[in-house]
Amino acid sequence: MLNQVDLSQTQKEETNKILEIQNDQSFQPHYGKNYMFRFYNGQPQITIGPHWPLSVCTFILIIVGAYFISAIIHIKSGIWYSSGSVISSLILEICFLRVFLKNPGINFTSTYVHKLRVSILTNSNFQNSCQPCKLEKEYGTYHCYQCDICVKGYDHHCPWVGKCIGVGNIKEFQMFLMSLLFFFSCNLFLIMI
Ligand SMILES: [Zn+2]
Ligand SMILES: [Zn+2]
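Residues numbered from 1 in each chain as written. Chains lettered and ligands numbered in written order. Predicted model: local features only at pLDDT ≥ 70, side-chain atom pairs only at ≥ 80, totals over all residues.

Per an unreviewed UniProt entry, the recorded name for the chain is Palmitoyltransferase, and the organism is Paramecium tetraurelia. According to UniProt, the comment filed for the chain under the heading Subcellular location (unreviewed entry) is "Membrane". (UniProt positions renumbered as here; feature names shortened; annotations may be inferred.)

Below, the structure is given as structure tokens:
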């Protein structure tokens, strides 16, 4: 009986040692299916989502479409009207690139790193943690299964910009929608006059 108690105590100590070693290891961020660049304070400033080929096609389609529309306006009404069309398409392209490149809310702040194994051992509540990302989720953070990463202030996954829309790029996304509306209304007006 005494031997059994000693054995379980030894096993417990061994497990604790393993956990200590594991938790002392530097945190390896889970990048999911995203490409990340330009890190500042450990946070990526530029991220490209997993559906980037569709975004590249969309961008090419915007450029080609805008070129044809401005060419029609140029033939019909002259260079001054077509320059208005070119400006509206440039605004649209810049707004698209801003959403395409900006971090949607992927956060690697080390304070949110959740010691999953420790929480399991101590039976603490880890309902708000994400196992693949090894992060403790804040309110509004959602794990996108298409990007395979947690996004703060998750709104939706947009395949056209190839990534998630979250707290980091929601304003840019709204600007993009506004620029799209401006592009169509401006060019419709220029074609009709
Ligand atoms: Zn996650
Ligand atoms: Zn996503």
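There is more to say, and it comes next.
Q: Can you walk me through the overall build of the chain in this structure?
A: Across its full length, the chain carries five helices and eight strands. Moving toward the C terminus, one meets the helices and strands of the chain in the order α-β-β-α-α-α-β-β-β-β-β-β-α. Here the chain holds 193 residues, and the buried ones make up 26% of them. (Helix = DSSP H or I, 4+ residues; strand = E, 2+ residues; numbered from the N terminus. Buried ≥ 20, exposed ≤ 12 C-beta atoms within 10 Å, placed from the backbone.)

Q: Could you clarify how one ought to interpret helix α5 (residues 170-192) in this entry?
A: For the α-helix, the turn length of 3.6 residues means that residues three or four positions removed from each other point alike. Between its first and last C-alpha atoms α5 spans 33 Å; for 23 residues at 1.5 Å apiece the expected length is 33 Å, and the two agree. Residues of α5 that are buried make contact with α2 (52-77), α3 (79-101) and β8 (163-165). (Expected span 1.5 Å × (residues − 1). Contact = placed C-beta atoms within 7 Å.)

Q: Looking at this structure, I do not really get the nonpolar core. What am I missing?
A: The nonpolar side chains of a soluble globular protein tend to be buried, and buried together. Within the largest apolar cluster, 21 residues are counted, with the highest numbers of intra-cluster contacts made by F96, V99, C144, I149, V151 and C164. For this core, the secondary-structure elements that each account for two or more residues are α3, β6 (149-151), β8 and α5. Per element, the largest residue contribution to this core is five residues, and it comes from α3. With residues up to four places along the chain from it excluded, the contact list for I149 reads H30, G32, N34, I106, C133 and C144. (Core = buried A, V, L, I, M, F, W, Y, C linked by C-beta atoms within 7 Å.)

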